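Given next are the chains, with one letter for each unit.
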Amino acid sequence: MADRQNVGLVVVSHSRTLALAAVSLASEMLQGRAVNIAVAAGLDETTFGTDAVRIKESIEEVGGPAGVVVLMDVGSAVLSTELALDLLDDQSARDRVVLSPAPIVEGLIAAAVAAAGGASLREVAAEARGALMAKAAHLTEPTETTTGIPGEISSENTVDAGGVVGVTETSVGQPIAEQVVGVFTVANEHGLHARPAARLVSEVRALDASVQLRNLTTGSGPVPANSLTRVATLEARRDHQIEVRASGPQAKQAVEHLLTLAGRHFDEVVGALELPARAESPSALSSMLPSVASSSQTGPLPASPGIAIGPARKLTAVPIEIEQGVIGDPASEWRRIAESVAEVRRDIEHVRVRTAREMGAAEAGIFDAHLTLLADSEMLADVKGRIAAGVGAPAAWAACLAEVERQWAELSDPYLRERAGDVHAVGQQVLRSLTGATAEQVLAVGVLVTRDLTPAQAAGLDAERVSGVVLAFGSTSSHAAILARARDIPLVVAAGPEVLDIPEGTLIVIDGGSGELHTDPDPEVLGQFRRRAGELAERRAQELALAGQPTVSRDNVSFEVAANLGSVADARSALASGADGAGLVRTEFLFLGRSTAPDQAEQEQEYVAIADAMGGRRVTLRTLDVGGDKPLPYLPSPFEQNPFLGLRGIRLCLDRPALFREQLAAICHSARRSPTSVMFPMISTVGELLQARQILEEAAGPSGLPADLRVGMMVEVPAAALKIQSFLPHLDFVSIGTNDLTQYTLAAERGNPAVASFSDALDPGVLQLIDRVSRAAHGQVDVAVCGEAASDELSIPVLVGLGVRELSVTPAAVPRVKANLRQLDVGRCRAMAQVALTLASPDDVRKLVLAMLSESSA
């Protein structure tokens, strides 16, 4: 047992695995001497996050007369620790706690050795702070200095993303402060709105630097870069120039990092997720789908397609009442704020992880802005100041958040204005925690009519209970709309405040694809919508009823329609939808949202579960496809200027052979039980393929490769398509990933709105690569397509004409794609596709496809 008279240590980290490893490493240096070390890390064994309550308990666990030194990792760990101090009841205990800025690994080692030797609190803290001195002295050249240009920094001294300048000096040449300056141009379509701004703020908080931002285009600022509420006031829109000015030990790293992030658009995922989905139309295959109404349209706007008919339902909850009576002392009131913020942070972290697993990383990223708001030091300081002036906790919180919401609502940019909803959502969650008010909920089946939805509410809607949603406010690009589309719930937004007066139970009708909204419709209108809904439902039912039958074209050519999966639940859905197999299992779903990689046993269990859920149909498991653009915290990789061209896919796996071998062993285990294929992503050289196959054979063990295991590769890199012939002797099949193949062929990053118009899978250049692969593989190996083009009704005839005989799509799209294929004449598609290869643009290709389909239906 460690001596409680010695200084105690607390390790605060987002990752429990990282914290435990750091403690283990520090223990190796103690030579058997005991030190009081407590770990407050992660929300649970696998979920990243920090919990102020757990940190408080850890401080109490190791605390004593000698005091406690707390070491923290990044971002909100500092906020959570500060909140933990506010939760301590004993003022003397708070006075004996030192929050150390030291690096968590080196700092812990130095602090543990000092504490084990009986050093004082001041000495232990000093040892932690100086932990990097030896490393710095060893790695820094004696002549290394900060590069700079003397004189007042001006526009001539600043540079665009990718460069920095140096030291501000007085007129007599004496440095007054080291400031590194850089400039970037905002490239995000909607400017620095909540999500990219939250990413910027979180990155700044992780660095030991004071960073200020100024909008050079408008002259607004400077504002502290570690405050989301202040960054929003810059109103940084697309093409605005933003100056970054930093000082402190990591000033240069801060500026360089922010400029690089800006060059990557702060890793914002955009595209179809940000725009309303196209409405499903009951018309024939060749019809053009209706376009979405413009943002200038008045009245309800279409936000998520589908028809919903039912009684109006309201969110039911006890109103939040701000107490006006006697309040406690300021310390007690602030402790209430700290406890509620910690509780809401935990709730949001868990919703974020669940959303990432069920809907995807892009949807989960919506919650980053909420977490960043809860860590906003300026906002919390405002609340604390109001409490110190004698205001109670709920009133202080409500007043501060109302002011921030007002500031955001008054911004001139409409997209940024709508982010005031994020402030409101966070404010309400904390207020409910402070006051004990129950959360809002839908109590009966019907169409939900409400002012707006928070991301957490949208993510938690019960689709069995809520058939559609009408929002009085909001927009087609709101977080609620994004999540509704991901959950396939019909939604109209901006319907106006008058809809809030619709009585509970009133029959309403909405079309989320056209924006139509009818309240208490007359029999004729109701009948029309019921017919439309019936036609849509009937078409879907017919397609679903036939989905389990073989897919054969008009001229008797057979096809396989498989499903793209990301979970066991997806597999069950795919089987119910009539999928012929799983054409792509994104195995990275097992590796996301956790602090350690899944072991072989866990992978075996999941792969077998997916195979069982598919009822014996063949399952194609794509090996881990992560890397620079989809990093995992437990697989650190070097910083990359362009992660899409970096260490990702098969490159990362070959760089981590132990991890790769373990996954392949798990795949072999599944292949010995049911039909299984393994597929390697982002192959660009034959050497990569041969090396992957060698590790596969090693992983299979003495018994050799399973007899029914098929080996394939993704064709995503133009080089692989151009030299496909050299890969074929080593393969059983190839699957063309049209998303990445299009991106790399056209040098247009998918998800970048600035070049979105270039990223089109029907570009003749992309089609020529698909044609080359299909021709070379004909008669040797099977060719599949698993990208988004596989489910696009105007792309399918072209792919069929180029020789593709397997399409892998989302489970919900399987019946529709099968129905489309049954209507095609492959011979006509083949002739049409050859013409398409000679055309100049994807628009020309679409016109050609529409002409063929029109003739076929005539």
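Let me begin by describing the structure that accompanies this report. Since this is a predicted model, take the numbers as computed values, not measurements. (Residues numbered from 1 in each chain as written. Predicted model: local features only at pLDDT ≥ 70, side-chain atom pairs only at ≥ 80, totals over all residues. Heavy atoms only, no water.)

Considerations on a nonpolar patch on the surface
As a reminder of what qualifies: Candidate patch residues must exceed 30% relative accessible area and have no salt bridge, after which like charges are joined if within 9 Å and Val, Leu, Ile, Met, Phe, Trp or Tyr side chains if within 5 Å. The accessible surface values rely on the Shrake-Rupley method and a 1.4 Å probe; as for residues, cover is taken only from the protein chains in view. Between Lys or Arg on one side and Asp or Glu on the other, a salt bridge is scored when a side-chain nitrogen of the former is within 4 Å of a carboxyl oxygen of the latter. Each helix is a run of H or I in the DSSP string that is no shorter than four residues. Each strand is a run of E no shorter than two, and both are numbered from the N terminus.
A surface patch of nonpolar side chains, amounting to about 220 Å² of accessible area, comprises Leu25, Met29 and Val113. You can see Leu25 is positioned in helix α1 (residues 16-28).

Regarding the side chain of Thr738
Which entries qualify depends on this criterion: In this analysis, two residues are considered to be in contact whenever any of their non-hydrogen atoms come within 4.5 Å of each other.
You can see Thr738 is positioned in helix α28 (residues 738-745). Every residue in contact with Thr738, bar those within four places of it in the chain, is listed here: Ala761, Ile770, Val785, Gly787, Glu788 and Ala789.

A word on the sheet that holds strand β15 (residues 446-450)
Threshold: The pairing criterion is simple: DSSP has to find at least two bridges between the two strands. In this analysis an axis means a line fitted to C-alpha atoms, helices contributing only their contacting stretch, and an angle means the value between N-to-C directions, from 0 to 180 degrees.
Across the sheet, which stays open at both edges, the 7 strands sit in the order β11-β17-β16-β15-β12-β18-β19 with mixed pairing between neighbours. Both edges of this open sheet fall to β11 (301-304) and β19 (516-519), since each of them pairs with a single strand only. In this sheet, adjacent strand axes meet at a mean angle of 30 degrees when their direction is disregarded. In the sheet, β11 pairs with strand β17 (residues 491-493) via 3 bridges, with the strands oriented antiparallel. Looking across to β17, one finds that Leu301 is bridged to Val493. Together, β12 (307-313), β18 (507-511) and β19 form the strand contacts of helix α20 (residues 523-546), whose direction differs from that of β12 by roughly 130 degrees.

Side note on the environment of Leu87
What counts, and what does not: Exposed residues in this analysis have more than 50% of their type's maximum accessible area, buried residues have under 20%, and partly exposed residues fall in between, with area computed by a 1.4 Å probe over protein chains only.
Checked against the element boundaries, Leu87 lands in helix α3 (residues 76-87). What makes Leu87 buried here is its relative accessible area of 2%. Here the alpha-carbon distance between Leu87 and Ser332, two residues 245 residues apart in the chain, equals 8.7 Å. For Leu87, the contacting residues outside a window of four places in its chain are Ala52, Val53, Lys56, Arg335, Ala338 and Glu339.

Focus: helix α5 (residues 104-116)
In plain terms, the rule: Every helix has an expected span of 1.5 Å times one less than the residues it contains.
Spanning 13 residues, α5 covers 17 Å between terminal C-alpha atoms, matching the ideal 18 Å at 1.5 Å per step. Burial within α5 is extensive, with 10 of its 13 residues counted as buried. Those residues of α5 that are buried are in contact with β1 (8-13), α1, β2 (37-41), β3 (68-72) and α6 (121-129). Gly118, located one to two residues past α5, shows a positive phi value of around 85 degrees.

Regarding the side chain of Thr676
Locating Thr676 in the fold gives a position in strand β24 (residues 676-680). Each residue touching Thr676, except ones within four places of it in the same chain, is listed here: Arg618, Val619, Leu621, Ile667, Ser670, Ala671, Asp708, Leu709 and Arg710.

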